[in-house]
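Residues per chain, in single letters:
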Amino acid sequence: MGKASRDNRDIYYRKAKEEGWRARSAFKLLQIDEEFNLFQGVKRVVDLCAAPGSWSQVLSRKLYLPAKLSPDKRDGDLPLIVAIDLQPMAPIEGVIQVQGDITNARTAEVVIRHFDGCKADLVVCDGAPDVTGLHDMDEFVQSQLILAGLTIVTHVLREGGKFIAKIFRGKDTSLLYCQLKLFFSVVTFAKPKSSRNSSIEAFAVCENYSPPEGFSPKDLHHLLEKVGTPSGEDDLDCSSGWLEGPNKVYIPFLACGDLSGYDSDRSYPLPTVADGTTYQSLDPVQPPIAPPYKRALELKKASSHGIREPEKLPSDS
């Protein structure tokens, strides 16, 4: 599919390039912010699974750049944004990049060092695995990614802070909701207008981080497992939420963004240009700098030319 046809079919893909966003997903965070006022009072924020960087761009434009351009700014008072991903990404003004694993608590230590020992006001995560199309499988793997993200959240987020994460809706969504409710007093599942109706994607908006009394991050997985079993402790919020019938938990679900605005599932005609010339499709704002498929493409090209990869010999050490 050519760029022009995709510009025609996906209005947010076209608008992202026109407005300088690296991906259409930037609009999802912007629309969630419109509804939940995410950035109010935020000085320190972490972007998990950040590459290629569209959410980090939003954070830079909404937090760092306004503070930098403010006439009454003070040195050392600029918001701090830390972006974490296993893949590198092109630089973004005001964003500190950390190449690391969000399931590793040592990554959290690096983040806190960048925050000079303080904790984050907001953690966001737009990460997702490669989808298989098998909804139950995709939902399970995505929920595991979110719970892995909690490894970082429980180490770096201050009490009262917020956590935003992509989810895939499915039959076990209530279980994920109950697990998040252990740590946040308010949890809402939101569907931005820029997220296609045909997609099972939504976003968990978790507000007022307040972990259980006496909670230690080392006990995270043990605590989450209890929520998913019939013998879950009575004092844990929504511990029976996984049950059907009268114990089923009904999750707050909210559509956000201008509901009369652009429809992400609709095709729109390309705009007419004032001088009558044909609309010129724009290149992506930032091509990937180290795509994981690059090595596979190199091997495929080499094999098509009959080139064999040189054998790797064991080292003497």
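Just so we're clear, the structure is a prediction, and the values are computed from it rather than from any experiment.

1. Notes on the UniProt feature "binding site: S-adenosyl-L-methionine" (unreviewed entry) in the chain
Per the UniProt entry, the sites bearing "binding site: S-adenosyl-L-methionine" (unreviewed entry) are Gly 53, Trp 55, Asp 85, Asp 101 and Asp 126 in this numbering. For Trp 55, the location among the structural elements is in helix 4 (residues 54-69). You can call Trp 55 buried: its relative accessible area is 2%. Other than its neighbours up to four places away in sequence, Trp 55 contacts Ser 25, Ala 26, Leu 29, Asp 47, Val 124, Cys 125, Asp 126, Ile 164 and Phe 203. In terms of polar contacts, Trp 55 uses its side chain to reach the backbone carbonyl oxygen of Ser 25, at 2.9 Å. One can find Asp 126 in the loop between strand 4 (120-125) and helix 6 (135-156). The class for Asp 126 is buried, based on a relative accessible area of 15%. The residues touching Asp 126, leaving out its near neighbours within four places in the chain, are Ser 25, Leu 48, Trp 55, Lys 166 and Phe 203.

2. Side note on helix 3 (residues 26-36)
Counting buried residues along helix 3, nine of its eleven residues qualify, which places the element largely inside the surrounding structure. Packing partners of the buried residues in helix 3 comprise helix 2 (11-19), helix 4, strand 5 (157-168), strand 6 (184-192), strand 7 (201-209) and strand 8 (253-256). Backbone geometry just downstream of helix 3 places Asn 37 in the positive-phi region, at approximately 55°.

Criteria and thresholds
Residues numbered from 1 in each chain as written. Predicted model: local features only at pLDDT ≥ 70, side-chain atom pairs only at ≥ 80, totals over all residues. Heavy atoms only, no water. UniProt positions renumbered as here; feature names shortened; annotations may be inferred. Helix = DSSP H or I, 4+ residues; strand = E, 2+ residues; numbered from the N terminus. Buried < 20%, exposed > 50% of the residue type's maximum accessible area, 1.4 Å probe, protein only. Contact = heavy atoms within 4.5 Å. Polar contact = N/O pair within 3.5 Å; in protein donor to acceptor, adjacent residues only side chain to side chain.

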